[in-house]
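Each chain, written out:
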Amino acid sequence: MKARDLPVLLAVILIIVMLVVPLPGWLLSILIIMNISLALIVVLVSMNTQEALQFSIFPSLLLLLTLFRLGLNVSTTRSILSKAEAGGVVETFGSFVIGGNPLVGFVVFIILVIIQFLVITKGAERVSEVAARFTLDAMPGKQMSIDADLNAGLISEHQAKERREKVENEADFYGAMDGASKFVKGDAIAGIIIVIINIIFGLIIGITQMGLSFQESIDTFMRLTVGDGLVSQIPALLISTATGLVVTRVTTSGGNLGSDVTKQLLQYPKLLFIAAGTIFLLGLTPINFFLTTSIAAVLAVAGYLLQQQTKVPEVPDEKEVEEAESSQMKSPENVIGLLNMDPIEFEFGYALIPLVDANQGGDLLDRVIMIRRQLAIELGIVIPVVRIRDNIQLAPNEYRLKIKGNEVASGELLLDHYLAMTPDLSDEEIEGIDTVEPAFGLPAKWIGEELKDEAELSGYTVVDPPSVVSTHLTEVIKRHAFELLGREETKQLIDHIEENYPILVQEVTPEPLNVGDIQKVLAKLLKESISIRNLPVIFETLADFSKLTNDTDLLVEYVRQALSAQITKKYADDGMTMKVITVSGKVEKRIAENIQQTEHGNFLSLDPESQQDIIKSVQEEAEKLTIQEETAIILCSPAVRMYLQQLLERFLPQAVVLSYNELEPNVQVQSVGVVNI
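What counts, and where the lines are drawn
Residues numbered from 1 in each chain as written. Predicted model: local features only at pLDDT ≥ 70, side-chain atom pairs only at ≥ 80, totals over all residues. Heavy atoms only, no water. Buried < 20%, exposed > 50% of the residue type's maximum accessible area, 1.4 Å probe, protein only. Helix = DSSP H or I, 4+ residues; strand = E, 2+ residues; numbered from the N terminus. Arc of directions from axis to C-beta. Contact = heavy atoms within 4.5 Å. Pairing = 2+ DSSP bridges. Axes fitted to C-alpha atoms, helices over the stretch in contact; angles between N-to-C directions. Phe/Tyr/Trp six-rings, centres within 6.5 Å; stacked < 30°, edge-to-face > 60°.

Here we come to helix 22 (residues 564–571). Among the residues of helix 22, S564, I567, T568 and Y571 are the ones counted as buried. Buried positions in helix 22, seen along its axis, are confined to an arc of 100 degrees and lie on one side of it. The inward-facing, buried residues of helix 22 abut helix 21 (552–562), strand 9 (577–583), strand 12 (633–636) and strand 13 (656–659).

Moving on, we come to the side chain of N35. As for its position among the elements, N35 is in helix 2 (residues 25–48). For N35, the residues in contact, after removing those within four places along its chain, are F68, R69, L72, V231 and P235.

Burial analysis of strand 7 (residues 443–448) places five of its six residues in the buried class, the great majority of the element. Sheet analysis places strand 5 (residues 417–421) next to strand 7, joined by five bridges and oriented antiparallel. Note that in strand 7 the partner of L419 across the bridge is W446. In this sheet, strand 7 lies alongside strand 6 (residues 433–436) in antiparallel orientation, the contact comprising four bridges. Across the sheet, residue T435 finds its bridge partner in strand 7, namely A444. Turn length for the strand 6-strand 7 hairpin, with the two strands adjacent in sequence and antiparallel, is six residues, and the turn residue G441 shows positive phi of about 75 degrees.

Read across the sheet, four strands follow the order 2-1-3-4 without closing on themselves; strand pairing throughout is mixed. Two strands in the sheet have a free side with no partner beyond their single neighbour: strand 2 (386–390) and strand 4 (406–412). Across this sheet, the average inter-strand angle for adjacent strands is 20 degrees, counted without regard to direction. In the sheet, strand 1 (residues 344–348) pairs with strand 2 via five bridges, with the strands oriented parallel. Bridge pairing in strand 2 links I344 to V386.

Under the criterion given, the structure shown has three aromatic pairs. A ring pair is formed by F346 and Y399, whose centres lie 5.6 Å apart and whose planes are at 35 degrees; its orientation type is tilted. Highlighted residues: F346 in strand 1 and Y399 in strand 3 (residues 398–403), separated in sequence by 53 residues. For the pair F346 and Y399, a shared accessibility class is recorded, and that class is buried. By way of ring pairs, the aromatic residues F346, F348 and Y399 are connected into one cluster.

Here's what the structure looks like:
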């Protein structure tokens, strides 16, 4: 227990003492002033909070202050009825209000009690009840909104947790306020009953036990009763007002009550002139002309001053324009706008401008549109818009491609030449500028237009520059498609499939998989050049196996097996024949024995020597297929496919690793090599 906790504990003990032990008048006076001070502090704090949760202790504080005030009522009642006194504060309040006329003072006190009970306390109670009801009703919707933002990737898990806690705290707060407001109402009723008891029994005790006359009893006990009622009802009035302020607090500018009132009440200066004119016209009636004119003048002056503050000069001078532009350049909004990054950027030197200029016959923009359509069909994702711009920092004939701000490919084009490629590396019949075809890295030559027909007759494949860059762009986007698929793009794919398969989507997300998990599965498929266009099959598989495991690597393996027909068609020839490199049982056993299982997933922990042996063996077998212009396909068992792929992807990114379960039964597999160590 900390030292700063002691005052609260002592205050609770003091309340219990006041209910049992008689207190002297001087101590009662001190406690009464403390009660008024605390009530005033609570009102000021409630006016300066920007939202209700900033004063979350208010319901519990309201209960303690109510008990403290009731304890004071019990103590002062005991002192009034037993000693006909209750301290100097009560005496002073009673004498000041009564002013020599007990009946008038009592009527004023009754009016104050009526205002306290029927207007403020009743209204605060009703507002608290309605606020609690609406907050609890809105809680499920707020929770769903938070889950939707999290699944869409708009907020992080930490932010979602903070928002959920805030929603729960709001529900708890308004529920507690609904209950605490009942204490305020009960306190007001108890105050009225205590006043009646003090008057009735005070008269009886004064006449029968103290030997006072009826007039003396009325004067003494009415004064003390009214004073006691005032010193208890004034703090109660302040606390009730604070209750209403807290539960009705709605901020629009992030300020406190004072700033919001002045800003919103005085935001239309012209209305002050209308009010001033109306008050001035009242002076033409029997109402005091000097009084109405003075108030109208104050309103008019205030309206004029406010209008001058908000008035914008019609023609700003040059200095003001420069200052405004400087301020605009320094504003946070413009800086934030600079943080935006295009997913795909294609930059080129000035000599390649004819590629994109339609007036010069350039059709690259149309080609990019066709590329996006082609990749949507092949890969099943919507490729973002390609930002095309010239860059004077590049060489005249150079171009480069960026993915999310990082350069991933570059090349050079000669617009007045054609690119000639031949599978026969020894063919030197055609003269040209030696180069490398950018998309696949094949040796090629730039030849002039006059050699085009001759090159085609000699067996060369001749391509014009726009086709070269289009092919390069297509292949690069294919290789990096998994980087372009983020949570936002995944959410769009989910919304698309949900239109036709709502039940299927509900089984997968948001439970047991969120948007981030689904994005990881789809990205891993794209990384291995597996199209995700068949989303229904993918989601069917996720619905079946996501309840058994949330390991996205394993889920990818299950999805690949479900897409066996698609994978087989992709890699088998027209005769359903597939040439593959098989993995020996010894290699598979070595890999299986070195799989490490952790709470964060499984990974391959193979010694460097064995890794080098496996990679070298795969390279040797893959080179044999490359010479035959065949794709290197490595076939292994399902248990080790994922780990073998992870081992080879850094050294042989073009190698395809398949498992037996990913092939259709009717495919004919021809083993043309074995991976061994």
